[in-house]
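Read off the chains here:
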Amino acid sequence: LVESELVITAASPYYPRAWIEKLGAGAPPALYARGAIELLGRECIGIVGSRNPPLKALRIATRVAEATGPLGLTVVSGGAPGIDRAAGAAEALIEVWPGGLGLRWGARKPEGGLILHLSTWPPRELFSTVGAMERNTLVYALAQAAFVGHARFKQGGSWHGATDALRRRLTRILVTAEPWPRTDEPARRALLGLGAIQLHGGATPELNEALAAETLQPWLPAFAHDPAIANALAAY
């Protein structure tokens, strides 16, 4: 499976360096893979959010996904209904699944674009809460920034995934500068209070400005060459 590139391990040249640096021993030793494996060598931005978002939030998330193409970014998401499926509007898409790759899940291949499916689970493994939590961590850790299109205050995987990413300092979190619906606005404000960055609009110039203006928090690791990590991988 490794030789046919249906499985990648931590010793593979395709294996994301960000997972090793950010997750350490928590990085998965191997994953099942299907699709354009070369996407793992590109910079990624996450697009995540609730399964039943307001229509306006879905449109903004779609616009953000479309804006990544001109910037040469690959979108990484979890393949769930709702905001995650809006990520399918990107030219290049990585989906980390909470179950096996033999299941029906995720977005369709972007028209004329590339898609890669990843999973730490065997092909027929069903969806589970544990799988979803692990998937969320991998999505955030792979992305240089993650746009949270919608979440509900203290409810659901989108809220807990975003707050966990902020708490563990896995990546930068972006939220729209436009208020969310009244009942969900506390979630957006809370994320901003925890360190999320406001994204004004969702077109390419605004996205590029947000990514360029806000540097990684100083407590996040620098992605320079680390001889210790290189030697560990070579020994593995």
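This one's a predicted model, so the numbers in the text were calculated from it and none came from an experiment.

1. Digging into the confidence of the model for the protein
Thought 1: With 88% of its residues at a pLDDT of 70 or more, the protein has an overall mean of 87.
Thought 2: Averaged pLDDT values over the elements of the protein bottom out at 56 in helix α8 (residues 227-235) and peak at 96 in strand β4 (residues 74-77).
Thought 3: Contacts from residues 216-223, a stretch scored under 50 in pLDDT, to residues over four places away or in other chains number 15 contacts.

2. Here's the deal with the side chain of E21
Thought 1: Positionally, E21 belongs in helix α1 (residues 17-23).
Thought 2: A polar contact of 3.0 Å, which involves the side chain of E21, links it to the side chain of R17.

3. A short note on empty space enclosed by the protein
Thought 1: Applying the stated criterion across every chain yields a total of 1 cavity of 30 Å³ or more.
Thought 2: The space that makes up the largest cavity amounts to roughly 30 Å³.
Thought 3: Taken together, W97, P98, G99, G100, L103, W105 and F127 make up the full set of residues lining the largest cavity.
Thought 4: When its residues are assigned to classes, the lining of the largest cavity shows 5 nonpolar, 2 polar and no charged.

Scoring rules and cut-offs
Residues numbered from 1 in each chain as written. Predicted model: local features only at pLDDT ≥ 70, side-chain atom pairs only at ≥ 80, totals over all residues. Heavy atoms only, no water. pLDDT = per-residue confidence, 0-100. Helix = DSSP H or I, 4+ residues; strand = E, 2+ residues; numbered from the N terminus. Contact = heavy atoms within 4.5 Å. Polar contact = N/O pair within 3.5 Å; in protein donor to acceptor, adjacent residues only side chain to side chain. 1 Å grid on protein atoms, 1.4 Å probe; cavity = no way out; pocket = protein on both sides within 12 Å on 5 of 7 lines; lining within 4 Å. Points joined across faces, edges and corners; volume = space filled by probe spheres on them. Nonpolar A, V, L, I, M, F, W, Y, C, P; charged D, E, K, R; others polar.

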